Amino acid sequence: MSPTHLFRAVPLSVLAISLATLAQAGDLPVRPSAGEVVKQSKPSDWRPLDPNNTLYMELPTGRVVIELAPDFAPQNIANIKTLVKERYFDGLSMLRSQDNYVAQWGDPDAEGPTPKPQGSAKAKVVGEFTVPMKNDKHFVRQLDIDGYAPQIGHSNGFPVGRDPKAGTTWLTHCYGMVGVGRNNDTDSGNGAELYAVNGHAPRHLDRNITVVGRVVWGMPLLATLPRGGETMGFYGAGETRMQIKSVRLEADVPEAERSHLEVMRSEAPIYQAVIDASRNRGGPWNKFTPKYVELCNAQIPVREHPKD
């Protein structure tokens, strides 16, 4: 047999068909998406927000709903509730909007000559960067590796890290998480100045700042604020700051004016199926799946309570 017979030319049409067949053979199997899994949930897979641990921040553009996590920052949250009940935040403003980092709010004159009185709230509160693991009775481990914590998972809807050797746990800086602004001293924050993560998770802040909860509704209102023109996104003297109309505890808001929201139970088997759908994405659009999902990309679904 001559060499020319060994390397016979293949028609382009035949080659194209062969490549298409190989591509189809290598496609990922079709799997339900995370959104499709959520649609299979039952009413028992969801829980309502606790009115005594839910804040409504009213902005001119709409309502931001924040769920607090008292298991992780009881002293700071108690002080925040005192500030809220005494109407401290009413009339204050957004202080900072830093691109891909945080949106922050509080008193623009906090360090000036006429700071707003904080009433009976404590001026300083101990930093609650971590708490004993025994405080957290709802932890469900996520079996993915993490560079910031020996273990990760979710507790009652909040993303958390844990260190079993140290016996500590903490809330993590995922998108929408709310933390307490502070200076260098660990007790220099008291909840009068708060921020929400509005970009890629700054996990280096974990265990360095007290995290008190997360925005469960209205995050686009904070994420789309005009960026501040000063260093680190703070608004300068000549820039317009969005004013806070009011902040109220849901329990103090008339029933007819409440936002009826539900959070998927992180201990429910269906949420583990949601995480798995994100970890193992199927075809035909996806051509590769990492079989891995970051903690902050496994956010707990939130929905408006379906009407009967």
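Everything numeric in this text was worked out from a predicted model, so none of it was measured.

Conventions we followed
- Residues numbered from 1 in each chain as written.
- Predicted model: local features only at pLDDT ≥ 70, side-chain atom pairs only at ≥ 80, totals over all residues.
- Heavy atoms only, no water.
- Salt bridge = Lys/Arg side-chain N within 4 Å of Asp/Glu carboxyl O.
- Core = buried A, V, L, I, M, F, W, Y, C linked by side-chain atoms within 4.5 Å.
- Buried < 20%, exposed > 50% of the residue type's maximum accessible area, 1.4 Å probe, protein only.
- Helix = DSSP H or I, 4+ residues; strand = E, 2+ residues; numbered from the N terminus.
- Contact = heavy atoms within 4.5 Å.
- Disulfide = S-S within 2.5 Å.

Focus: the pattern of salt bridges
Considering all chains together, one arrives at 13 salt bridges under this definition. As a salt-bridge pair, Lys42 and Asp45 come within 3.8 Å of each other at their nearest N and O atoms.

Looking at the nonpolar core
Counting residues in hydrophobic clusters, the biggest one holds 32 residues, and the most contacted among them are Phe89, Trp105 and Leu222. Per-element accounting of this core gives the leading share, four residues, to helix 4 (residues 74-85). Membership of the second largest hydrophobic core comes to 19 residues, among which are Val65, Ala268, Tyr271 and Ile275.

Here we look at the environment of Leu28
Here Leu28 shows up in the loop between helix 2 (12-26) and helix 3 (34-39). Among all residues touching Leu28, those that are not within four sequence positions of it are Arg281, Gly282, Gly283, Asn286, Lys287, Phe288 and Thr289.

Considering the state of the cysteines
Here the structure, examined in full by the defined rule, presents one disulfide. There is a disulfide in this structure between Cys174 and Cys296, and the S-S distance comes to 2.0 Å. The disulfide joining Cys174 to Cys296 has a torsion of about -75° about its S-S bond and is therefore left-handed. In this pair, Cys174 sits in the loop between strand 10 (168-171) and strand 11 (177-180) while Cys296 sits in the loop between helix 6 (269-279) and strand 16 (302-304), placing the two residues 122 residues apart along the sequence. Judged by relative accessible area, which is 12%, Cys296 ranks as buried.

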